[in-house]
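# Chain and residue survey
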Amino acid sequence: MSFRRLCAAAAAALSIGLAAASAAAAPAAGGEQLGTAISHEVFQIIDFGKLIAQGAGASISKSDFLADVRPEWPQLFLDAMSEEVQQDGPAMERMFGAILAKNFSAGELQAGLTILSDPQFKAILVAQYRKQPPPSTPSPCGPACMSAMQSADGRAFMEKFGKLGDILDKRAQREFAAILLPGVFRRFGEKAEAAERARAK
């Protein structure tokens, strides 16, 4: 699964249950800081590590190269990918936050952070992501979240976020890969060498 599809899936989850009305814009703060804060909320909702591992597994299953060398290598590579995703999570969050800061206004980011950090709304998004029934609540989120949803900045945030796959162009995807792949190859090499030493005994 590509990063474009991953973020499209996240955007679809985040688009549910939003009513529209006009209101005053939320107060602004530093765009990069807000983008990173939103990125952190998204990474808590969507298990990007699992999705990336699934995508890598699907890609590996289409190629026999690793398995032809050693039958255990595909799993070693997947293990290395999973470990590196966990290790590089903060760097990936910062990268995602920088992309958000470039494409959203500070007011839109502030509204988005208010929405995504609301515990009730986050529970709904987590349930949708996990394909579980949403929690039964009289309101999708608290007063501050509802106010942000109904603001012009909040509506703009959700509209743009729903098209985030278009923002994550090939250059951005390459930057994500540049964060992950060096560590993945290093970890895989260490695992493969350990397996070869064990085989030689």
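Here is a short report on the structure shown in this document. (Residues numbered from 1 in each chain as written. Predicted model: local features only at pLDDT ≥ 70, side-chain atom pairs only at ≥ 80, totals over all residues. Heavy atoms only, no water.)

### So, the side chain of Glu84
Put simply, the rule reads: Helix and strand assignments come from DSSP, with helices taken as H or I runs of at least 4 residues and strands as E runs of at least 2, each series counted from the N terminus. The contact definition used throughout considers only heavy atoms, calling two residues in contact when any of these lie within 4.5 Å.
In this fold, Glu84 is placed in helix α5 (residues 73-87). Once residues lying within four places of it in the same chain are set aside, the contact partners of Glu84 are Ile179, Leu180, Gly183, Val184, Arg186 and Arg187.

### Brief notes about the nonpolar core
The nonpolar side chains of a soluble globular protein tend to be buried, and buried together. Note the following rule: By nonpolar core we mean a set of buried residues, namely Ala, Val, Leu, Ile, Met, Phe, Trp, Tyr and Cys, connected to one another through side-chain atoms within 4.5 Å. Exposure classes here rest on a 1.4 Å probe applied to the protein chains alone. A residue is buried below 20% of its type maximum, exposed above 50%, and partly exposed in between.
Ranked by size, the top nonpolar core spans 47 residues in total, and within it Ile38, Phe96, Leu100, Phe121, Phe161 and Phe188 carry the most contacts. The element that contributes the greatest number of residues to this core is helix α12 (residues 170-200), accounting for 7 residues.

### Let's talk about the packing of helix α9 (residues 143-150) against helix α10 (residues 152-161)
Put simply, the rule is: What counts as an axis is a line fitted to C-alpha atoms, over the stretch in contact for a helix, and the angles between N-to-C directions run from 0 to 180 degrees. An angle counts as roughly parallel when it lies under 35 degrees, as roughly antiparallel when it exceeds 145, as roughly perpendicular when it falls between 65 and 115, and as oblique in every other case. For this classification, the nonpolar set comprises Ala, Val, Leu, Ile, Met, Phe, Trp, Tyr, Cys and Pro, the charged set comprises Asp, Glu, Lys and Arg, and every other residue, Gly included, is treated as polar.
It is at 4 Å that the axes of α9 and α10 come closest, and there the two elements cross at 75°. What the angle tells us is that α9 and α10 run roughly perpendicular. Residues Ala148, Met149 and Gln150 of α9 form the contact with α10, whose own contacting residues are Ala152, Gly154 and Arg155. In terms of residue class, the contact of α9 with α10 is made up of 3 nonpolar, 2 polar and 1 charged.

### Quick word on helix α6 (residues 89-103)
Selection rule: One fewer than the residue count of a helix, multiplied by 1.5 Å, yields its expected span.
Compared with the 21 Å implied by 1.5 Å per residue over 15 residues, the 21 Å span of α6 between its first and last C-alpha is a close match. Those residues of α6 lying buried are Gly89, Met92, Glu93, Met95, Phe96, Gly97, Ala98, Ile99 and Leu100.

### Regarding the packing of aromatic side chains
Quick note on the threshold: Ring pairs shown here join Phe, Tyr and Trp side chains whose ring centres sit within 6.5 Å, with only the six-membered ring taken for Trp; geometry is labelled stacked below 30 degrees between planes, edge-to-face above 60, and tilted in between. Charge-over-ring placement is defined geometrically: NZ (Lys) or CZ (Arg) within 6 Å of the ring centre, and within 35 degrees of the ring normal.
What the rule picks out here adds up to 7 aromatic pairs. For the ring pair Phe104 and Phe157, a centre distance of 5.4 Å and an interplane angle of 45° mean the geometry is tilted. Of the two residues, Phe104 sits in the loop between α6 and α7 (106-116) while Phe157 sits in helix α10, which places them 53 residues apart along the sequence. Phe157 matches Phe104 in its accessibility class, with the two residues each being buried. The ring of Phe104 is capped by Lys160, whose NZ or CZ atom sits 5.6 Å from the centre of that ring.

### Thoughts on the pattern of salt bridges
For the record, the criterion: What counts as a salt bridge is simple: a side-chain nitrogen of Lys or Arg found within 4 Å of a carboxyl oxygen of Asp or Glu.
Across all of its chains, the model carries 11 salt bridges by this definition. A salt bridge links Glu84 to Arg186, with the nearest nitrogen and oxygen atoms 4.0 Å apart. With a gap of 102 residues between them, Glu84 in helix α5 and Arg186 in helix α12 connect regions that are remote in the sequence. For Arg186, a relative accessible area of 44% puts it in the partly exposed group.

### Quick word on the state of the cysteines
Counted only if it meets this: Counting rule for disulfides: a pair of cysteine sulfur atoms within 2.5 Å.
Applying the stated criterion across every chain, the model contains 1 disulfide. Each sulfur of the disulfide joining Cys141 and Cys145 lies 2.3 Å from the other. Residues Cys141 and Cys145 are joined through a disulfide that is left-handed, its torsion about the S-S bond being -85°. No difference in accessibility class separates Cys141 from Cys145, as the two residues are buried.

What is shown is where atoms sit, not what they do.
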